[in-house]
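So the chains spell out like this:
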Amino acid sequence: MSIIHLSVLRDDEPSAADLAAIEQEWPLIAAERDLLDAEIAFINAGPNVSVLDRRRIRRAERRVLVIARELAIPAASAEVVA
């Protein structure tokens, strides 16, 4: 006997609008994941941290900021027009 009701699972699926929003934000999600990977590598390097490790973090941070700005600009201009 299952304690999970299938009707609950069917009602809980993302809508087309939810999937479209995720698709639109996916570049930011990927950039944030890359930043996290760089930060983990930096922490795991311990005393052997190199200039390249620091540069990788700075580049990943810059990429996150650029993509976040690109995603925010259309939203800001739509609010001004509306």
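Whatever comes next refers back to the structure up there.
Visitor: Lay out the overall build of the protein chain with the relevant residues and their values.
Guide: Scanning the protein chain for helices and strands turns up 3 helices and 0 strands. Along the chain direction, N to C, the helices and strands of the protein chain fall in the order α-α-α. Counting only residues that meet the buried cut, the protein chain has 12% of its 82 residues in that class. Roughly 6900 Å² of accessible area belongs to the protein chain as shown, and the carbon and sulfur atoms make up 61% of that amount.

Visitor: Summarise the nonpolar core; cite the residues concerned and give the values.
Guide: One finds Leu28, Ala31, Leu35, Ala38, Ile57, Ala60, Val64 and Ile67 forming the largest nonpolar core, which totals 8 residues. Elements with a contribution of two residues or more to this core: α2 (16–45) and α3 (51–81). The contacts of Ala38, once residues within four sequence positions are left out, are Arg56 and Ile57.

Visitor: I'd like to hear about the pattern of salt bridges, residue by residue, with values.
Guide: Following the criterion strictly, the structure yields 2 salt bridges and no others. Notably, a salt bridge pairs Asp34 with Arg33, separated by 3.7 Å at the nearest N-O pair. Between Arg63 and Asp34 there is a salt bridge, with the nearest N and O atoms lying 2.6 Å from each other. With Arg63 in helix α3 and Asp34 in helix α2, this residue pair connects regions lying 29 residues apart in the sequence. Assessed through its relative accessible area of 37%, Arg63 is described here as partly exposed. For Asp34, a relative accessible area of 27% puts it in the partly exposed group.

Visitor: Requested: an account of a positive patch on the surface, with residues and values cited.
Guide: A cluster of basic residues, Arg54, Arg55, Arg58, Arg59 and Arg62, forms a positive patch on the protein surface. One can find Arg58 in helix α3. Judged by its relative accessible area of 43%, Arg58 falls in the partly exposed class.

Conventions adopted
- Residues numbered from 1 in each chain as written.
- Predicted model: local features only at pLDDT ≥ 70, side-chain atom pairs only at ≥ 80, totals over all residues.
- Heavy atoms only, no water.
- Helix = DSSP H or I, 4+ residues; strand = E, 2+ residues; numbered from the N terminus.
- Buried < 20%, exposed > 50% of the residue type's maximum accessible area, 1.4 Å probe, protein only.
- Areas by Shrake-Rupley, 256 points an atom, 1.4 Å probe, with all protein chains shown as cover.
- Core = buried A, V, L, I, M, F, W, Y, C linked by side-chain atoms within 4.5 Å.
- Contact = heavy atoms within 4.5 Å.
- Salt bridge = Lys/Arg side-chain N within 4 Å of Asp/Glu carboxyl O.
- Patch = residues over 30% accessible without salt bridge, like charges linked within 9 Å, V, L, I, M, F, W, Y side chains within 5 Å.
- Lys, Arg positive; Asp, Glu negative; His and termini not counted.
- Charge placed at Lys NZ, Arg CZ, Asp CG, Glu CD.

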